[in-house]
Amino acid sequence: LPKLEDGKTTYDMDAEEFAKEMLPLAQMGATILGGCCGTTPLHIRKMIQNLENVKAEIPEKKQIRALTNERNFLEIDLDGAFSIVGERINPTGKKNLQEELRQKKMDLVIDMAEEQVAKGAKILDVNMGTNGIDEKEMMLMAVNELTLAVDVPLCIDSSYVDIVEEALRIYPGRALINSISLEPEKIKHLIPAAKKYGAMFILLPLSDKGLPENLEEKKEQVLASIEEQGKLTEKKEIIHTILTEAKKYGLSEKDIVVDGLVATIGANKKAAIEVLETIRYCKEELGVATICGLSNIEILPPVIRFNKTR
C-alpha cells in the first residue's frame, strides 16, 4: 500500500517480497499475474523467476449461452425452463412514459423494471423510441440507470444501429440485441457490433419484403449450398443466411436466439404450426435457442358445455 513521505508516494514492498507473496496465488490456480502501482520491471522479473517451477493449470474453455450484467448471469439452456423477457419499457402507447422521457426522467422506467423483475422477468427489453426525445441520449441514460437498479440482463431494442452500438459500448456485461434481420443495414453493422462487444442477438427471420407468408413458400434467393440439400422454407433460408454471415465474424449458434415470429391465425390459419415448426427446427436440427413474442396470442376462457340431462 502507498505511503506519503516528504510529499512523495512510496511503497514498502521490495521485489523479493513481492515475488514471494505472488507464489501462493499461482499455486492456488491464478494463471495471470502481474503488478500494479509501486511495482517495477525488477518486481516482475523476480516474480517470473520465482514461478519458473509452477505449472499453470489452464481452465477448460467452454462456451455457454449466457447473458450477464455486472453482478449476475443468466444461462440459456436449450432443455431448460423458459425465461420471461419483460417488454414494458417501451413508450409506444404509454403517454405517461413518453412525457417522463421528454423531461429526461427515469422514475417510471425504474418502477417498470422493478415490477417486471418482481413478477418473474429474467431479461428486460429496453426501447426508448418515441417522438420528441433524443432516443440515443435516453437509451444511454436508461442503460446506466437500469444496470444499477435491477440485477437482470438487458435486451437493447432500437431501430437505429448506431443507438444499439452506443448502448452496447457502455453496457457492463453481455447484452442481447433486439434484433437482426436481413435488412442490409443491420446485417452490415449489427453483426460486427455483436462480435465486438460480445453480445448475443435475436435473429429475426424477416427479409426486406417483410413477414414470410408461410414455411413452405419457395424463395427467389435460395443459397446455392442450401438448395443442394433440398428446398428450405423462407424462414429457414433466412435463418441460414444470417447464421452463415454471423459465422464469418466468429459468432456461432450459441450467440444467437431465433424469433419464431408469432403471427395471428386470423391472417394465416397455419401460423401456429409455422411457429412450432420453426422452434422445433432451430432446437433439434440447428441447436439454436429460440424466443417468441406473445402479443399476438390471445388466451380465451374455456367453454363449458352441459348436456340436457344436467
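Note that the structure is a prediction, hence the values are computed from the model and not measured. (Residues numbered from 1 in each chain as written. Predicted model: local features only at pLDDT ≥ 70, side-chain atom pairs only at ≥ 80, totals over all residues. Heavy atoms only, no water.)

Visitor: Go over the overall build of the protein chain with me, naming the residues and quoting the values.
Guide: When helices and strands are counted, the protein chain shows 10 helices and 11 strands. Here the protein chain, with 310 residues, has 38% of them falling under the buried criterion. A fraction of 66% describes how many contacts in the protein chain between residues 6 or more apart in sequence connect residues 24 or more apart. Summed over its atoms, the accessible surface of the protein chain is roughly 19100 Å², and 52% of this surface lies on carbon and sulfur atoms. (Helix = DSSP H or I, 4+ residues; strand = E, 2+ residues; numbered from the N terminus. Buried < 20%, exposed > 50% of the residue type's maximum accessible area, 1.4 Å probe, protein only. Contact = heavy atoms within 4.5 Å. Areas by Shrake-Rupley, 256 points an atom, 1.4 Å probe, with all protein chains shown as cover.)

Visitor: So, the pattern of salt bridges: which residues are in play, and what are the values?
Guide: Evaluation of the coordinates by the stated rule reveals 19 salt bridges. Notably, a salt bridge pairs lysine 236 with glutamate 277, separated by 3.1 Å at the nearest N-O pair. In this pair, lysine 236 sits in helix α9 (residues 234-248) while glutamate 277 sits in helix α10 (residues 271-286), placing the two residues 41 residues apart along the sequence. Relative accessible area serves as the criterion here: at 13%, lysine 236 is assigned to the buried category. For glutamate 284, the salt bridge goes to arginine 280, with nearest N and O atoms at 3.4 Å. Of this pair, glutamate 284 and arginine 280 both sit in helix α10, 4 residues apart, roughly one helical turn. Overall, arginine 280 belongs to the partly exposed group, its relative accessible area being 28%. (Salt bridge = Lys/Arg side-chain N within 4 Å of Asp/Glu carboxyl O.)

Visitor: Hey, could you go over a negative patch on the surface for me, with residue numbers and the actual values?
Guide: A contiguous patch of negative charge on the surface is contributed by Asp107, Asp111, Glu114 and Glu145. Examining the composition of the negative patch, we find that 3 residues originate from one element, helix α4 (residues 107-118), more than from any other. By secondary structure assignment, the location of glutamate 114 is in helix α4. (Patch = residues over 30% accessible without salt bridge, like charges linked within 9 Å, V, L, I, M, F, W, Y side chains within 5 Å. Lys, Arg positive; Asp, Glu negative; His and termini not counted. Charge placed at Lys NZ, Arg CZ, Asp CG, Glu CD.)

Visitor: Summarise the confidence of the model for the protein chain; cite the residues concerned and give the values.
Guide: For the protein chain, mean pLDDT is 89; residues scoring 70 or higher make up 89% of the total. Throughout residues 217-232 the model reports pLDDT below 50, and contacts reaching past four residues in sequence, or to other chains, amount to 15 contacts. (pLDDT = per-residue confidence, 0-100.)

Visitor: Can you lay out unusual backbone geometry for me, pointing to particular residues and giving the numbers?
Guide: For the peptide bond that leads from asparagine 178 to serine 179, omega is 10°, which places it in the cis range. Relative to the helices and strands, serine 179 is located in strand β8 (residues 176-180). Its identity as a non-glycine residue notwithstanding, lysine 104 has a phi of 60°, on the positive side.

Visitor: Provide a residue-level description of the packing of α4 against helix α5 (residues 135-149), including the pertinent values.
Guide: Interhelical geometry of α4 versus α5 gives an angle of 40° and a closest axis separation of 10 Å. One element, α4, and the other, α5, form an angle in the oblique class. Judged by the twist between their axes, the crossing of α4 over α5 is right-handed. Contacts between α4 and α5 involve Val109, Ile110, Ala113 and Glu114 from the first element and Glu145, Leu146 and Ala149 from the second. Looking at the contact of α4 with α5, its residues break down into 5 nonpolar, no polar and 2 charged. (Axes fitted to C-alpha atoms, helices over the stretch in contact; angles between N-to-C directions. Parallel < 35°, antiparallel > 145°, perpendicular 65-115°, else oblique. Left-handed = near helix turned anticlockwise from the far one by under 90°. Nonpolar A, V, L, I, M, F, W, Y, C, P; charged D, E, K, R; others polar.)

Visitor: Could you give an account of the sheet that holds strand β10 (residues 256-259), with specific residues and numbers?
Guide: Backbone-to-backbone hydrogen bonds pair the strands of a sheet. The strands run either parallel or antiparallel. Ordered in space as β5-β6-β7-β8-β9-β10-β11, the 7 strands form an open sheet in which the pairing is parallel. Of all strands in the sheet, those with a lone pairing partner are β5 (84-86) and β11 (289-291), marking the two edges. In this sheet, adjacent strand axes meet at a mean angle of 30° when their direction is disregarded. Here strand β6 (residues 121-126) runs beside strand β7 (residues 154-157); their pairing, made up of 3 bridges, is parallel. Counted as the bridge partner of leucine 124 is leucine 154 from β7. Packing against the sheet, α4 makes contact with β5 and β6, and its axis sits at approximately 155° to β6. (Pairing = 2+ DSSP bridges.)

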